[in-house]
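Secondary and tertiary structure notes
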Amino acid sequence: MATIFTKILRGEIPGEILYQDDHVFAIRDLDPKAPVHILIITKSEIPGMATVEVAGDHMHIVNAARAIGEQLGLVGGYRLVINQGADAGQSVPHLHAHLLAGRPLTGDFA
Ligand code: DGP
């Protein structure tokens, strides 16, 4: 069964796609922890960091973060967080990074 993120990508449930390329897409987080809280998600349904088979998948996320940072003019900086597994609080088993910005980020994580 498709993940919630894949359903958003397909337009089956609502979610504005802010950025996409051949490998990843980005949406705003439903429960934002900062003024800017964007999820950068692989188009492939990779369950998480622990199951990435192609090293390039990580770089596609990082490259998208840089592009989104430039697109949104995040000159003050941003933070990129990936939660892997239960201890990290990963709730959606589909590889994604949280891009957080718009306020000073003092040690907290998504
Ligand atoms: P994580 O805990 O790292 O697996 O983060 C999953 C994030 O996904 C969480 O911050 C909330 C967000 N989220 C869950 N369901 C939806 C949804 O349907 N739409 C959007 N935009 N975000 C969602």
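Bear in mind that the values here come from a model prediction, so they are computed numbers and not experimental data.

**Quick notes on the site of the ligand**
Lining the immediate surroundings of the ligand are 15 residues, of which Arg-28, Asp-29, Asn-83, Ser-91 and His-98 lie closest. In this structure, an oxygen atom belonging to the ligand sits 2.9 Å away from a side-chain N or O atom of Asn-83. The separation between an oxygen atom of the ligand and a polar main-chain atom of Ser-91 is 2.7 Å. Burial of the ligand by the protein chains amounts to 83% of its free accessible area of 510 Å². The cavity where the ligand resides is the largest pocket.

**Observations regarding the environment of Pro-47**
With respect to the helices, strands and loops of the structure, Pro-47 is situated in the loop between strand 3 (36–42) and helix 2 (56–71). Through-space distance from the C-alpha of Pro-47 to that of Ile-61 is 14 Å; in sequence the pair is 14 residues apart.

**A look at the layout of surface pockets**
What the largest pocket holds in volume is close to 450 Å³. Forming the boundary of the largest pocket are 24 residues, of which Phe-5, Asp-29, Leu-30, Asp-31 and Leu-39 lie nearest the centre. Put simply, the parts of the chain that give the lining of the largest pocket at least two residues each are helix 1 (4–9), strand 2 (24–28), strand 3 and strand 5 (96–101). Here the lining of the largest pocket takes 3 residues from helix 1, the largest share from any one element. In the lining of the largest pocket, the residues fall into 11 nonpolar, 8 polar and 5 charged.

The rules behind each value
Residues numbered from 1 in each chain as written. Predicted model: local features only at pLDDT ≥ 70, side-chain atom pairs only at ≥ 80, totals over all residues. Heavy atoms only, no water. Near = heavy atom within 4 Å. Polar contact = N/O pair within 3.5 Å; in protein donor to acceptor, adjacent residues only side chain to side chain. Areas by Shrake-Rupley, 256 points an atom, 1.4 Å probe, with all protein chains shown as cover. 1 Å grid on protein atoms, 1.4 Å probe; cavity = no way out; pocket = protein on both sides within 12 Å on 5 of 7 lines; lining within 4 Å. Sits in = over half its atoms within 2 Å of the grid points. Helix = DSSP H or I, 4+ residues; strand = E, 2+ residues; numbered from the N terminus. Points joined across faces, edges and corners; volume = space filled by probe spheres on them. Nonpolar A, V, L, I, M, F, W, Y, C, P; charged D, E, K, R; others polar.

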